[in-house]
Amino acid sequence: MAASIVGWAHTPFGKMDAQTVEDMVVCVATDALADAGIAPGDVDEIILGHFNAGFSPQDFTASLVLQADPALRFKPATRVENACATGSAAVQQGLRAIRAGDARVVLVVGVEQMTRTPGPEIGRNLLRASYLPEDGETKGGFAGVFGKIAEQYFQRYGDQSDALAMIAAKNHKNGVANPYAQMRKDLGYDYCRAEGEKNPFVAGPLKRTDCSLVSDGAAALVLADAETAKTMRKAVSFRATAHAQDFLPMSKRKIIDFEGCSVAWARALQAADLKLSDLSFVETHDCFTIAELIEYEAMGLTPKGQGARAIKEGWTQIGGKLPVNPSGGLKAKGHPIGATGVSMHVMSAMQLTGQAPEGMQLANPKLAGIFNMGGAAVANYVSILEPTR
């Protein structure tokens, strides 16, 4: 049974000192239902994406969504988690309920509050998304894990610092027009390329501008079955979805190939009966700039080892043949873990319905690709969306 996105909501991402996890959940749940024109009592199921891993004292959070309206009481509500792909895991769980015929309307919420946690503890929390027997003592936390990946890539294909700086600069430039982004500043290539007091090396060849931001924030979607979606004022349908879970230890994989990413993209494109070149844009998981670079190759935009061509020749810029991260990506928008995948779907649905913020809206996009990744290419989710109304 087909399913569509019929409403959404999104908080700004950043440091939200005045709000709790509960506040953010209630805000986006209320606003998404209002955006869809769906009464809370008509929701059949609730899915919450919340990673936590020590970020929030409250760790039993599925029922917090019920605080949005008394009519949500006694609805099935489940929390899901799959590291940095938690948001997309929540979306796909909602789709499963609809496709199984168990629900007509599903409310999906993603949330995280990270900034109240001290810096060293943030690193330890995020490192829990790696294989601790091998990577548990990695300096720099998860940045250190991706620093190792960048070092391996550089050893195989040469120094790619120019390309990484261009990716960072592109995403920061795109993020200026996104009112939900944590950093709305065009840093420019020179700033991103140069090491300095404000842009030091963090791990291996990765500088601060190569790393996504620690963030608080939430996003929500209302999913509906095909018959219900026909009655809605707007609808963005799922042309295809795919999920490929890979080994957790990096030692068991060709880590610079992101094989799980390749598998997920291949499955989704085949299911959608599309080629990558058919897509109007992609929102991809740039937790670190090296990730976006490798993802160019894994999605099939370039051969292995040639990802730099995509950014250096302007392919992934707005106006290029496949714009990547017109929202600014995780790099500019921020990366509140449980909210990220839901946010990617919101940003894409906005684009496809012509409702993206001024300056961010692409010209007449028809098909969107989304890639959300948990861990170091361990949990790999792809969605392909198209507007139906």
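This text follows the structure it describes.
Below you will find a few notes about this structure. (Residues numbered from 1 in each chain as written. Predicted model: local features only at pLDDT ≥ 70, side-chain atom pairs only at ≥ 80, totals over all residues. Heavy atoms only, no water.)

Since the α-helix advances by 3.6 residues per turn, residues separated by three or four positions end up pointing in the same direction. For helix α1 (residues 21–36), spanning 16 residues, the distance from its first C-alpha to its last is 23 Å, which sits close to the expected 22 Å at 1.5 Å a residue. Regarding α1, the residues found buried are Val21, Met24, Val25, Val28, Ala29, Ala32, Leu33, Asp35 and Ala36. All buried residues of α1 lie within an arc of 160° about the axis, which places them on one face of the element. (Helix = DSSP H or I, 4+ residues; strand = E, 2+ residues; numbered from the N terminus. Expected span 1.5 Å × (residues − 1). Buried < 20%, exposed > 50% of the residue type's maximum accessible area, 1.4 Å probe, protein only. Arc of directions from axis to C-beta.)

Okay, the sheet that holds strand β1 (residues 3–10) next. The nine strands are arranged β3-β2-β4-β7-β1-β8-β11-β10-β9 in an open sheet whose pairing can be described as mixed. At either margin of the open sheet sits one strand with a lone partner, and together these are β3 (77–80) and β9 (281–283). Each strand axis lies, on average, 25° off the axis of its neighbour in the sheet, ignoring direction. For strand β8 (residues 236–245) and strand β11 (residues 379–387), the ladder comprises nine bridges, and the chain directions are antiparallel. Bridge pairing in β11 links Phe238 to Leu385. Where helix α2 (residues 86–99) meets the sheet, it contacts β1, β2 (45–49), β3, β4 (105–113), β7 (216–225), β8, β10 (368–374) and β11, and its direction lies at approximately 115° from that of β8. (Pairing = 2+ DSSP bridges. Axes fitted to C-alpha atoms, helices over the stretch in contact; angles between N-to-C directions. Contact = heavy atoms within 4.5 Å.)

Moving on: the side chain of Arg253. Here Arg253 shows up in the loop between β8 and α9 (259–272). Comment: no salt bridge for buried Arg253; closest opposite-charge side chain is Asp246, at 4.3 Å. A polar side-chain atom of Arg253 sits 3.3 Å from the main-chain carbonyl oxygen of Leu248. Non-local contacts of Arg253, meaning those with residues more than four positions away in its chain, are made with Asp246, Phe247, Leu248, Glu259, Ala376, Ala377 and Val378. (Lys, Arg positive; Asp, Glu negative; His and termini not counted. Salt bridge = Lys/Arg side-chain N within 4 Å of Asp/Glu carboxyl O. Polar contact = N/O pair within 3.5 Å; in protein donor to acceptor, adjacent residues only side chain to side chain.)

This part is about the packing of aromatic side chains. Within this structure, the stated rule accounts for three aromatic pairs. Here the aromatic rings of Phe146 and Phe288 are separated by 4.8 Å at their centres, their planes lie at 25°, and the arrangement is stacked. Placement of the pair is Phe146 in helix α5 (residues 141–157) and Phe288 in the loop between β9 and α10 (289–298), with a sequence separation of 142 residues. Here Phe146 matches Phe288 in class, with each residue buried. A centroid spacing of 4.8 Å and a plane angle of 55° characterise the contact between Tyr153 and Tyr157, whose relative ring orientation is tilted. Note that Tyr153 and Tyr157 are positioned in helix α5 at a spacing of four residues, about one turn of the helix. Looking at Tyr157, the relative accessible area reads 24%, which means it is partly exposed. Note that Lys234 overlies the ring of Trp8, its terminal NZ or CZ placed 3.6 Å from the centroid. The ring of Phe247 is capped by Lys252, whose NZ or CZ atom sits 4.3 Å from the centre of that ring. (Phe/Tyr/Trp six-rings, centres within 6.5 Å; stacked < 30°, edge-to-face > 60°. Lys NZ or Arg CZ within 6 Å of the ring centre and 35° of its normal.)

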